[in-house]
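Reading the structure
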Amino acid sequence: MSIPVFILRAFWITPQVMLRFLPVLIAYVMISVGLFFTTDNPWVIGLILFMLGTLGYAFLVVQGLRAALQALKLTSAPTASGLLRSSGRMLFVFFLLQLLMLLLFGGILLALFYYVIFPAIDPALVDYLHLLVEIETSSPGTLGPEGALQQAEQVQAMLDAQTSTGIMLLNFSMYLLLGFVMALFGVPMAAVAANAVQYSPNHDLIYGLGRYMPHQVLLYMLLVALPSALFGHLPMEMLLTMAEPNLATLATLGGVVLLYGLFAMCLPWSGMALAYGQVREKVKRERQAEVRPEIDYEAARADLRSLRQTRTSERSGTTMYDPNAVRRDMPPADG
């Protein structure tokens with residue numbers, strides 16, 4: 001499948017994925033809010049946050065991938081044990097590997113930009129980063145109101161003076177790294193989500209690893225990362241520029257932001273499920289070819305023999321030579 005067709009198909013099925021995933025997301029939010037209001041114990045609240053941010057998020061991802069698989073008719077109804085098993089594998093295998101890869105390669109990228117690219121573009125960028133680190137690491141009480149205001153004005157002056165090319169390159173590199181990490185495990189994550197059924201296909205954890213990476217990376221960069229980078233600041237600027245924002249305007253703006261956030265969340269899942277479907281079809285064809293070759297050599301020989309006989313019989317005044325005819329016409333030899 002070509003990249004444009006892949007992107008268009010993923011974009012086309014994403015509204016169906018959103019409709020299938022929305023009830024699960026609403027139930028997740030309602031359960032989360034209900035758990036928070038049941039207790040005032042900070043330790044219990046911390047445990048709830050930990051469970052919702054780890055196993056709960058893994059469950060959401062499994063359900064989102066299953067919504068994409070169901071939109072493509074690649075799976076059946078799941079079981080509770082299958083969902084729990086797939087969520088555990090998603091959390092302790094794929095999420096952990098992705099986190100380690102992001103920390104490792106993200107640190108390498110930051111070091112490369114800090115020591116090589118930023119000094120080559122604008123030396124003031126290094127001073128800007130130094131100041132940001134100093135502000136983040138210093139407590140507000142040690143600076144005082146005047147010191148905090150002075151540092152804020154200094155950062156704003158540096159932002160106005162320095163070029164934004166280095167920051168844009170850094171953001172693009174981080175988005176690209178995130179896209180590559182997600183695309184690398186895209187098909188295996190969809191395969192693990194497809195295992196959560198009664199008659200599981202029993203895909204392993206490396207099923208289709210790295211397949212359709214360019215397709216998924218371009219899908220994420222063009223339809224998720226680029227719009228977020230270009231237009232992500234518009235809702236906040238609209239709120240700040242409104243003189244008297246009314247309830248209808250706020251509701252409309254909030255609805256648009258939530259709708260785009262849900263779309264941006266479901267679109268990569270659609271790409272993963274679509275790539276999984278392509279890999280599964282290819283594996284199915286390969287297995288069928290092993291059992292029954294695509295070229296039937298016996299039938300091909302029979303067709304060739306029939307074609308030769310037809311051409312020979314159509315020739316005028318010629319007969320087809322049969323080496324066994326002489327033997328059949330000879331009388332049997334005496335004992």
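Relevant structure appears above.
These lines cover the structure that appears in this document, whether it is placed above or below. In this text the structure is predicted, and so the values were computed from the model without any measurement.

Grouped together as the largest cluster of nonpolar side chains are 55 residues, with contacts concentrated most on Leu-65, Met-90, Met-189 and Tyr-276. At the level of secondary structure, the elements contributing two or more residues to this core comprise α1 (3-37), α2 (42-71), α3 (80-121), α6 (165-184), α7 (186-194), α8 (213-231) and α10 (247-291). Considering each element in turn, this core owes the most residues, 12 residues, to α10. Residues contacting Met-90, with those up to four places away along its chain left out, are Ala-58, Val-61, Val-62, Leu-65, Phe-95, Met-189 and Val-192. Among the nonpolar cores identified, the runner-up in size contains eight residues, and Phe-113, Phe-118, Val-126 and Leu-177 belong to it.

Looking now at a nonpolar patch on the surface. A grouping of Leu-218, Leu-222, Leu-226, Leu-230, Phe-231, Leu-234 and Met-238 is seen on the molecular surface, where their side chains present a nonpolar patch of about 610 Å² in accessible area. Going through the elements one at a time, α8 and α9 (234-241) are the ones with two or more residues in the nonpolar patch. Element by element, the count of residues in the nonpolar patch is highest for α8, at five residues. Along the polypeptide, Leu-226 turns up in helix α8. When its relative accessible area of 42% is taken as the criterion, Leu-226 is described as partly exposed.

Further remarks concern the packing of aromatic side chains. Within this structure, the stated rule accounts for seven aromatic pairs. Measuring from ring centre to ring centre gives 5.5 Å for Phe-11 and Phe-263, while their planes differ by 75°; the resulting arrangement is edge-to-face. Here Phe-11, found in helix α1, pairs with Phe-263, found in helix α10; they are 252 residues apart in sequence, far enough to count as distant. Under the relative-accessibility criterion, Phe-263 is labelled buried at 15%. Pairing Phe-21 with Trp-269 gives two aromatic rings, centres 5.1 Å apart and planes at 75°, and the pair type is edge-to-face. Of this pair, Phe-21 sits in helix α1 while Trp-269 is found in helix α10, placing the two residues 248 residues apart along the sequence. For Trp-269, a relative accessible area of 7% gives the class buried.

Parameters and conventions
- Residues numbered from 1 in each chain as written.
- Predicted model: local features only at pLDDT ≥ 70, side-chain atom pairs only at ≥ 80, totals over all residues.
- Heavy atoms only, no water.
- Core = buried A, V, L, I, M, F, W, Y, C linked by side-chain atoms within 4.5 Å.
- Buried < 20%, exposed > 50% of the residue type's maximum accessible area, 1.4 Å probe, protein only.
- Helix = DSSP H or I, 4+ residues; strand = E, 2+ residues; numbered from the N terminus.
- Contact = heavy atoms within 4.5 Å.
- Patch = residues over 30% accessible without salt bridge, like charges linked within 9 Å, V, L, I, M, F, W, Y side chains within 5 Å.
- Areas by Shrake-Rupley, 256 points an atom, 1.4 Å probe, with all protein chains shown as cover.
- Salt bridge = Lys/Arg side-chain N within 4 Å of Asp/Glu carboxyl O.
- Phe/Tyr/Trp six-rings, centres within 6.5 Å; stacked < 30°, edge-to-face > 60°.

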